[in-house]
Amino acid sequence: MNEAQTALTADRPTGHLHLGHYVGSLKNRLVLQGKHKCLIMIADVQALSDNFDNPQKVKENIKEVCKDYLAVGLNPDKCTIFVQSRVPELSELTMYYLNLVTLARLERNPTVKAELKQKDWEDSIPMGFLCYPISQAADITAFKATLIPVGEDQLPMIELSNEIVRRFNRLYNSDVLVESEAVLSDTKRLIGIDGKSKASKSLNNAIFLSDSEKNIKEKINNMYTDPNHIKITDPGTVEGNVVFAYLDAFFEDKQELVSLKKQYTKGGLGDSVLKSLLNDVLQALLKPIREKRESILDDDIEKILIDGSRAARNVSQNTLREVKEAIGL
Ligand code: TRP
């Protein structure tokens, strides 16, 4: 990585951010914001692609997501925080990229496929939804971003974006667009507190950065452990045990964790001891975040988003001009 790189990432404003976002992406961004040119986009246009019937939800969460950013320590002096719908050049770029991708290619995207399975659209898939990966390529390329800190599920989007870049540059004999690469975190995917799938706001199985102390404790107490670990002396299973998955992600003392796992596997370590340890770890992490969050004013948020979106527009206007010139328009 050299100094000249640009990092870009984004979140859909459909709810508050949670610990999955924290380990999967936000933590990475905190490191990147000191080292690189950093852009962070609130993807309201993309959020609308499966919430077009609930724009109010998207609108309200723009502010909440921005608060989460500031609360974890993202700093508007070091990174540009902006709103996707306030940078219309992104939509215009999307129009040009639509020509470069086939329907079959879009239907092959594994992340989109998984999302489609969760909806009950059947034969009535909205085009906006199917095409959001193309608009995501516009998000990435408009800023010539090369580093994309995201979770594993976003790899297909970056792959498609790079295909569009190569296709565009070859077709129009240009070098305007640049390829990007994902920056994955160590914890690629945080399991939900129900142990079933990835932590997600839509499945309501996540611990949110804004959760109260009491709420966090309750969620930890309800975490799935090992159903066969009934007596403390019973041998327990670490694999698939949500409490251990969270300790893996958040407990710094890795040596101690190894010995806890050994003890648990052998028998003699109770779930309540582990849950209480996890509670201490998560409360210590989330308390300052929650307090900072509560101190942020709505007016400050709006100013940050106005300034950030203006700066983002300036950059994307240049790229759009170059793109149109390359095509010959
Ligand atoms: N698809 C991403 C998500 O669901 C959000 C996103 C939109 C994004 N545009 C982006 C991520 C550009 C990285 C780069 O989380």
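All chains use their own residue numbering, which begins from 1 and follows the written sequence. Whole-chain, interface and lining totals are the exception, using all residues; otherwise, since this is a predicted model, local features are given only for residues with pLDDT of at least 70 and side-chain atom pairs are given and counted only at 80 or more. Note that water and hydrogens are dropped before the side-chain values are worked out from all heavy atoms of the structure.

(A) The packing of aromatic side chains, seen in detail. Side-chain rings of Phe, Tyr and Trp, where Trp is taken by its six-membered ring, are said to pair if the distance between their centres is within 6.5 Å; with planes under 30 degrees apart they count as stacked, over 60 as edge-to-face, and otherwise as tilted. Applying the stated rule across the entire model yields seven aromatic pairs. Centre to centre, the rings of Phe-244 and Tyr-264 are 5.1 Å apart; their planes meet at 70°, and the pair counts as edge-to-face. Of the two residues, Phe-244 sits in helix 11 (residues 242-250) while Tyr-264 sits in helix 12 (residues 254-266), which places them 20 residues apart along the sequence. Type-normalised accessible area, obtained with a 1.4 Å probe on protein chains alone, sets the label of each residue: buried when under 20%, exposed when over 50%, and partly exposed for intermediate values. By relative accessible area, which is 0% here, Tyr-264 ends up buried. Each residue in the set Tyr-97, Phe-168 and Tyr-172 is aromatic and connected to the rest through ring pairs, giving one cluster. A ring is considered to have a charge above it if a Lys NZ or an Arg CZ atom is located within 6 Å of its centre and within 35 degrees of its normal. A cation sits over an aromatic face here: Arg-12 above Tyr-132, 4.6 Å from the ring centre. Note on conventions: DSSP H or I runs of at least 4 residues are helices, E runs of at least 2 residues are strands, and numbering of each starts at the N terminus.

(B) Molecular detail of the environment of Ala-4. As for its position among the elements, Ala-4 is in the segment before strand 1 (6-11). Taking the C-alpha atoms as reference points, Ala-4 and Lys-35, 31 residues apart in sequence, are found 9.2 Å from one another.

(C) Representation of the pairing of strand 1 in the model. Most of strand 1 is tucked away: five of the six residues are buried. When strand 1 meets strand 2 (residues 37-42), the two strands line up parallel, connected through six bridges. Note on strand 2: the bridge partner recorded for Leu-8 is Leu-39. In this description, strands pair whenever DSSP reports at least two bridges between them.

(D) Geometry of the domain arrangement of the protein. Those domain boundaries reflect an automatic or database domain assignment. For the protein, the domain assignment lists domain 1 (6-191 + 297-327) and domain 2 (213-292). Inter-centroid distance (C-alpha atoms) of domain 1 to domain 2 is 34 Å. At the interface, nine residues of domain 1 touch ten residues of domain 2. Two parts placed together each lose some accessible area; with a 1.4 Å probe, that loss summed over both constitutes the buried area. Both faces considered, domain 1 and domain 2 share a buried interface measuring about 870 Å² in area, 77% of it formed by carbon and sulfur atoms. A per-residue breakdown of the area domain 1 buries against domain 2 is headed by Leu-19, Ala-71 and Ile-191, which together make up 53% of the total. Think of a salt bridge as a Lys or Arg side-chain nitrogen and an Asp or Glu carboxyl oxygen that are within 4 Å of each other. At the surface where domain 1 touches domain 2, the tally comes to zero salt bridges. Nitrogen and oxygen atoms within 3.5 Å of one another constitute a polar contact, given that in protein one can donate a hydrogen and the other can accept it, and given that sequence-neighbouring residues count only through two side-chain atoms. Linking domain 1 to domain 2 there are two residue pairs in polar contact (both at pLDDT 80 or more). Counting only elements with at least two residues in the side of domain 1 that touches domain 2, the list comes to helix 1 (19-35) and helix 3 (55-72). Any residue outside Ala, Val, Leu, Ile, Met, Phe, Trp, Tyr, Cys, Pro, Asp, Glu, Lys and Arg is labelled polar, Gly included; the first ten of those are nonpolar and the last four are charged. Of the residues belonging to the side of domain 1 that touches domain 2, the class tally is eight nonpolar, one polar and no charged. Any two residues whose heavy atoms approach within 4.5 Å at even a single point are treated as in contact.

(E) Spatial organisation of the pattern of salt bridges. Going through the model one piece at a time under the given rule, you end up with 23 salt bridges. Between Lys-63 and Asp-298 there is a salt bridge, and its shortest N-O distance comes to 3.5 Å. Residue Lys-63 is located in helix 3, and its partner Asp-298 is located in helix 14 (residues 298-327); the two are separated by 235 residues in the primary sequence. A relative accessible area of 30% places Lys-63 in the partly exposed class. We classify Asp-298 as partly exposed; its relative accessible area is 37%. The shortest N-O distance in the salt bridge between Glu-89 and Arg-313 comes to 2.9 Å. Separated by 224 residues along the polypeptide, Glu-89 in helix 4 (residues 89-98) and Arg-313 in helix 14 bring together distant segments of the chain. Residue Glu-89 is classed as buried on the basis of its relative accessible area, which comes to 5%. One network of salt bridges, with partners in common, ties together Arg-12, Asp-50, Glu-115 and Lys-119.

(F) View of the environment of Ile-42. Of note, Ile-42 is situated in strand 2. Given a relative accessible area of 0%, Ile-42 falls into the buried group. Not counting residues within four places of it along the chain, the set of residues in contact with Ile-42 comprises Asp-11, Pro-13, Ile-62, Val-65, Cys-66, Tyr-69, Ile-81, Phe-82, Val-83, Gln-84 and Leu-305.

(G) A look at the site of the ligand. If a single non-hydrogen atom of a residue is within 4 Å of a molecule or strand, that residue counts as near it. Taken together, Leu-8, Ala-10, Arg-12, Met-41, Ala-43, Gln-46, Gln-136, Asp-139, Ile-140, Ile-148, Val-150 and Gln-154 are the residues near the ligand. Taking Arg-12, its side chain carries an N or O atom lying 3.2 Å from an oxygen atom of the ligand. For the ligand, a nitrogen atom lies 2.9 Å from a polar atom in the side chain of Gln-136. In the complex, the protein chains occlude 89% of the 370 Å² of accessible area that the ligand would expose alone. If you list the elements that add at least two residues to the shell around the ligand, you get strand 1 and helix 8 (132-142). Among the elements that make up the shell around the ligand, the one with the highest residue count is helix 8 (three residues). Here the shell around the ligand is composed, by residue class, of seven nonpolar, three polar and two charged. Each accessible area is a Shrake-Rupley estimate made with a 1.4 Å probe; only the visible protein chains count as cover when residues are assessed.

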